[in-house]
Amino acid sequence: MLSSRYLHLHEALGLGPMWLNRNAKIIHAAPQAAPSAAPVRPKTIAADTAQAVRTLSAGAHQARTAAIATAQTAKPAVRVPEAALKAIVETPAKTEKAAHSDNLPRLDVTIRPSEIMVVSICPSTEDSLHGTLFSGDVGTLLDNILAAIGLKPDQAHKTAWVKTAPVFTALPDAEHIRSELAEMQNELTASQARAVLFLGKIFDSPDMIGLMNELCAERPHFVIPHPARLLMQPQLKAQAWQILKPLKQLLAKAV
């Protein structure tokens, strides 16, 4: 017996017709039904999303939800304790004058006979802590300025109009400055200075010009930028030198 499928295969391979015995019996194969395709379940966005959500455990899902809620919630206002709030309200504000007398010590100035008196408006915080005026690089530059006009450091009486450094402000207030005028006049008389060199832009203000005239009377006086400013703005040194040249000529003259 020979299956008919074998005959078809023989012909498909190009082997030509197959010669069979006349007594051969051919069995015809029963037609097979084509396998039915399995139904495809269409995917939807909703199904994918649901599957992604199901991959999170219940605890992880709750933690994620809590994190999102926390990020979207504004920070609560900080609650100030009642005792601290009461202390702030009842604490009196410090006046400008008190700011010059509290916390930082008053600078002691030794007066000796000098060629000129050099005056800044007040000591810096560092000067007050070190107990000396014009400390550090500022003092080095000031000594170089004095050398440029022919003076040694000990030939200048270095002082400050206000002897305490401001705590809450950059400069002392006008009332405090005027209250120190009498002491400045005593200093100038004791130093026997021939001229006064003021350091700082504040001495160019109208109020200070009046006080400077009261202090110096007939003595010549000059105003240049403070050495601390010259360190930050060296381009101002040429301007300062133009002001210092008449002072140098004055000092060079015989008494």
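Provided above is the structure to which this section pertains.
The structure contained in this document is the topic of the report that follows. (Residues numbered from 1 in each chain as written. Predicted model: local features only at pLDDT ≥ 70, side-chain atom pairs only at ≥ 80, totals over all residues. Heavy atoms only, no water.)

Taken residue by residue, a regular strand's side chains alternate between the two faces of the sheet. Within strand S5 (residues 195–199), five of the five residues are buried, which leaves the element mostly enclosed by the surrounding structure. Going residue by residue along S5, you find Ala195, Leu197 and Leu199 tucked away on one face and Val196 and Phe198 tucked away on the opposite face as well. The sheet contact formed by strand S3 (residues 116–120) and S5 spans five bridges and is parallel. Across the sheet, residue Ser120 finds its bridge partner in S5, namely Leu199. Across four bridges, S5 lies against strand S6 (residues 221–224) in parallel orientation. Looking at S6, one finds that Phe198 is bridged to Val223. Following the backbone out of S5, through helix H10 (residues 206–216) and into the adjacent parallel S6, one traces a crossover that is right-handed. (Buried < 20%, exposed > 50% of the residue type's maximum accessible area, 1.4 Å probe, protein only. Helix = DSSP H or I, 4+ residues; strand = E, 2+ residues; numbered from the N terminus. Pairing = 2+ DSSP bridges. Right-handed = clockwise from strand over helix to strand, strands pointing away.)

Our focus in this paragraph is helix H7 (residues 136–148). Owing to its 3.6 residues per turn, the α-helix aligns residues three or four sequence positions apart on the same side. Between its first and last C-alpha atoms H7 spans 19 Å; for 13 residues at 1.5 Å apiece the expected length is 18 Å, and the two agree. Those residues of H7 not exposed but buried are Val138, Gly139, Leu141, Leu142, Ile145 and Leu146. Down the axis of H7, the buried set is contained in an arc of 165 degrees. They therefore lie on one face. Turned more than 90 degrees away from the buried face of H7 sit Gly136 and Asp137, all of them exposed. Buried positions along H7 lie against S3, strand S4 (156–160), S5, S6, helix H11 (227–232) and helix H12 (237–252). At the exit of H7 stands Gly150, carrying a positive phi of roughly 90 degrees. (Expected span 1.5 Å × (residues − 1). Arc of directions from axis to C-beta. Contact = heavy atoms within 4.5 Å.)

Right, let's get into the nonpolar core. In terms of nonpolar packing, the biggest core is built from 25 residues, with Ile116, Val118, Ile149, Leu197 and Leu247 touching the most fellow members. For this core, the secondary-structure elements that each account for two or more residues are S3, H7, S4, S5, S6 and H12. Residue contributions to this core peak at five residues, all from H7. Ignoring sequence-local partners within four residues, the contact set of Ile149 consists of Ile116, Trp241, Leu244, Leu247, Lys248 and Leu251. (Core = buried A, V, L, I, M, F, W, Y, C linked by side-chain atoms within 4.5 Å.)

This part takes up the pairing of S4. By the criterion of burial, S4 is predominantly enclosed, with four of the five residues buried. Direction of pairing for S3 relative to S4: parallel, over a ladder of five bridges. What sits directly across from Val119, in S4, is Thr159.

Reading across the sheet, the four strands line up as S4-S3-S5-S6 and stay open at both edges, with parallel pairing between neighbours. Lying at the two open borders of the sheet, with one neighbouring strand each, are S4 and S6. Sheet twist, expressed as the mean angle between neighbouring strand axes with direction ignored, is 20 degrees. (Axes fitted to C-alpha atoms, helices over the stretch in contact; angles between N-to-C directions.)

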